[in-house]
Each structure stands twice: as C-alpha cells, then as structure tokens.
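# Per-entry structural report
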Amino acid sequence: MHKDHKITFVMLWHISERGGGAEVQANYLAQELAERGYNVSYVCQTTKASKVNTTSMVNGVNVLWLKPANKFVWLNCKAYLKALKSLTPDIIIQRNSSPLLWASAQYKKKSSAKLIWVCTDNLAPFNNFFTKRYKARNNKKEVGFIKYSIFYINAVISDKLRNAAMKGVSRAFSQNEFQRLNIKKNFGLESSKMISGHPTPENRSRELNVKGIKNILWCANWGKHKRPELFVNLARNMADSKYNFIMIGGHSDKGYVDQLLKNCPKNLKVTGQLPFEEALSYFNEASLFVNTSTPDGDGFPNTFIQSWLRGVPVLSFGFNPDEVITKNQLGFVVQSVEEAKDTCIQLLENDKAIVNLSNGVSDYANKNHTVTVMTDHFINTLSKNS
C-alpha cells in the first residue's frame, strides 16, 4: 500500500451519525491513514436527507453520503457502485458483512483495484450469515407470517449477493482464530489477523476509582444475543451493595425493554442510547466493565479496548476470544450471575488488587490496541502480502 494509492472505505454508516463497532474501527483507521498522508475517502448512507449525494471532509477523510435503503440494503448496491466509479479507488476496504460487498466486488472486477474485507463478528465467516442471524433474532409468531417471510427473503438475497462477492476479495482479515478457521473452511480464503485500536485516552489516576462508590458498567445494544438481562440480574442480586450499576444502550422494541427493566433495582442507572463520545465518558469513571454477549457472537468488542485503555478490567460471561482475558490477566471470565457477584465483591473490596490489575490492563492495551499499533500492523500486513 503506497501513499499514491486512492483508498475508499465502503460502509453502511459513518459513526458520526450511527453505527456500531465496525463503524468505529473503520472511522479510526480511515482517519489515521489520512493523517499519515494517504488519499482516503469513505462511502456510506446518511440519516439526513439534506446530505444525500453530497460530500463532506471529516477529519481529513472525504465522505460521500448516499440515500439509505433501510432494511433492504442490497437495493443500494447500484448507488454504491456508481459512487465507487466516481471515486476510482485503487484499494477498497470494507469492514462489514453486508450485500454491499457485491458493489465493491463488481467495481474490483472491472478495475485493477484490490478489495480488502475485514470480518466483524463470529457469524460472518458462514455462508448463511444473514438467514442464520435473522432466524436467531426473529420469531414467526411474534413478527407475523407475511412480514417474517418478506424479511426472510431479504436475508436470502443478502446471503446470495454477499457470498458471490466473497469470491472477489483480494485480502481478508479476521479478528480471532475461530473466524480465521471458518473463513478458510467456508470461503477458501486465508486471512490475516486484524488488530482493533482506539485513541489513547488522557491518563487518569486509578486512585480515584478506589475511593467511595465504585461504578460497574455495561454498554451495548440491547439485542437478545447481548443478553442484557444478565446485567440487570447482577444489579438486582447486588441491590444491597454500595456499587453503582450503569447500563448504556437501547432497543427499538419498547415491550422488550419494559419487560427487561420490570422491577428495575434502585442501584441500576439506565442511560438509554448515547452518542459515542458521551458513552465513552462513562468508561472514564468505571471500576469494572461487564460483558454479557453470547460466546459465539462478537468478534472482538470495542468495549474491551475502551475499558482496558482506561485501566478498567473486564468481567465477561463466558465470552473470551482466543482466551485473551485469561491469558493476559485483563479481567475475569464467569459462567453465572452468582459467580459474577462473588468476583465483583472480591475485586472491588480490595483497593490494592484493583489498582495492580488496572495498571497491568492499561499497559497491555497501550502495547497492543492503540490506533497507531492497529494502523502500523494493517499497513505492514498489506505490504508483506502485496
């Protein structure tokens, strides 16, 4: 990858408007490449009608905004292909598993461009990604037969387009060993390790976090695969403790949220969905971060890195990609609410232990998960295999 190469990120959204971990990482990598002198553009949908088919310079990155296709993302393939033809990139980077990969592959097919695909979660290495995810998250009786059928067909079309496009991937990246093995098995692609990174926060004194009331944090979307009920139950089981439980995120299904928060314990603060930077401020004040995702769901959560860079250990309900938490003493892996409760008390009641653990966690993150480390690794990997 050379400085004279034109690089375009193809994404569903830009994190300044909406998105999740994939958008966060794509944005950081795009910004860092731009700061290093690369010609970087970014194509995505916008939530604002006034921005459709316009461009903006965002932290050195030229962002081209497209009209959103909402649930039927594949309908936007032609718009994305048209955008790529106007930008004429030499390298396309797509950090998501979407039917939009078809547009990237079509452009690559008719040009000399290279298509870089980054696997995002542990369902992405499978060729039934969309249909499997749809069936796992939706119930025919709850959704209704007609609506369920329409969106199931939408998932089938998305899988077909994505699977066809995978044949055009020039270089693949995976976040953990599970992904690497299954990308090879299902798509015949070798993949390199993708390191995620975040900006280094300003140093804060960990002594602040061992005095007075301590905060136990949870931050994610409230999808069922994130198992938010485990955190609510943990707070309920520790209602008589002196700890604050803070829950960031939300869900569009009001009935689901109401049921989840029924008889909400007084020690649990629910913020709802927050802008990225505002959510990040809660990590600065946390003593412990709790992850309740299913073990086979996420790839490598941004929230882990956000926590570790701030010296915040992670307590995870079974999810431990490549055993990173246990191998590097970055927190604890538990299997039940009762075990989580005991671990919280054992750690947070020992000021010396939490400070020592915090220092080790912070050191590890600064050596392995800054934006600088991530970008160096990405560039070096592409250079070795170009």
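Refer to the structure presented above.
Residues numbered from 1 in each chain as written. Predicted model: local features only at pLDDT ≥ 70, side-chain atom pairs only at ≥ 80, totals over all residues. Heavy atoms only, no water.

## Remarks on the environment of Thr294
Summarising the element assignment, Thr294 is placed in the loop between strand E12 (288–291) and helix H11 (302–308). Here Thr294 falls in the buried class, since its relative accessible area comes to 18%. Along the sequence, Thr294 and Ala83 sit 211 residues apart, while their C-alpha atoms lie 37 Å from each other. The residues contacting Thr294, other than those within four sequence positions of it, are His225, Arg227 and Phe319. (Helix = DSSP H or I, 4+ residues; strand = E, 2+ residues; numbered from the N terminus. Buried < 20%, exposed > 50% of the residue type's maximum accessible area, 1.4 Å probe, protein only. Contact = heavy atoms within 4.5 Å.)

## A look at a nonpolar patch on the surface
Residues Phe145, Ile146 and Ile150 make up a contiguous nonpolar surface patch of roughly 340 Å² in combined accessible area. The exposure class assigned to Ile146 is exposed, which follows from its relative accessible area of 63%. (Patch = residues over 30% accessible without salt bridge, like charges linked within 9 Å, V, L, I, M, F, W, Y side chains within 5 Å. Areas by Shrake-Rupley, 256 points an atom, 1.4 Å probe, with all protein chains shown as cover. Salt bridge = Lys/Arg side-chain N within 4 Å of Asp/Glu carboxyl O.)

## So, the pairing of strand E1 (residues 6–10)
Remark: a regular strand shows side chains that alternate across the two faces of the sheet. Within E1, 4 of the 5 residues are buried, which leaves the element mostly enclosed by the surrounding structure. Judged from the 5 bridges that link them, E1 and strand E2 (residues 39–45) form a sheet pairing that is parallel. Its bridge partner being in E2, Lys6 is matched across the sheet by Asn39. As a crossover connection, the stretch from E1 through helix H1 (residues 21–35) into E2 is right-handed. Bridge count for E1 against strand E5 (residues 91–94) is 3 bridges, and the pairing is parallel. In the strand pairing of E5, Phe9 is matched with Ile93. (Pairing = 2+ DSSP bridges. Right-handed = clockwise from strand over helix to strand, strands pointing away.)

## Concerning the nonpolar core
The tendency in soluble globular proteins is for nonpolar side chains to be buried as a group. Among the nonpolar cores identified, the biggest contains 69 residues, and Met1, Phe9, Leu33, Tyr42, Trp117 and Phe378 are the most heavily contacted of them. Counting residues per element, this core draws most heavily on H1, which supplies 8 residues. Not counting residues within four places of it along the chain, the set of residues in contact with Phe9 comprises Ala26, Leu29, Ala30, Leu33, Val40, Ser41, Tyr42, Val43 and Ile93. In terms of nonpolar packing, the next biggest core, distinct from the first, is built from 54 residues, Val232, Phe300, Phe319 and Leu348 among them. (Core = buried A, V, L, I, M, F, W, Y, C linked by side-chain atoms within 4.5 Å.)

## Some words on the sheet that holds strand E14 (residues 331–334)
Strands sit in the order E11-E10-E9-E12-E13-E14 across an open sheet of 6 strands; the sheet is parallel. Edge strands, defined here as strands with exactly one partner in the open sheet, are strand E11 (268–272) and E14. Put simply, the sheet's adjacent strands are angled 20° from each other on average, direction ignored. Looking at chain direction, strand E9 (residues 215–219) and E12 are connected through 2 bridges and run parallel. Residue Leu217 lies in a different strand from E12, and its bridge partner there is Phe289. (Axes fitted to C-alpha atoms, helices over the stretch in contact; angles between N-to-C directions.)

## Quick look at the state of the cysteines
Taken as a whole and judged by the stated rule, the model has 0 disulfides. Of the cysteine sulfurs around Cys77, a residue in no disulfide, the closest is that of Cys44, at 15 Å. In this structure Cys77 comes out as buried when scored by relative accessible area, which is 4%. In this structure Cys219 is a free cysteine whose sulfur lies 17 Å from that of Cys264, the closest cysteine sulfur available. With a relative accessible area of 16%, Cys219 lands in the buried category. (Disulfide = S-S within 2.5 Å.)

## Quick word on helix H2 (residues 77–87)
Looking at H2, one finds that the buried residues are Cys77, Tyr80, Leu81, Ala83, Leu84 and Leu87. Taken down its axis, H2 places every buried residue within 160° of arc, on the same side. Facing away from the buried surface of H2 by more than 90 degrees, the exposed residues are Lys78, Lys82 and Ser86. For H2, the elements touching its buried residues are E1, E2, strand E4 (61–66), E5 and helix H3 (101–109). At the exit of H2 stands Thr88, carrying a positive phi of roughly 45°. (Arc of directions from axis to C-beta.)

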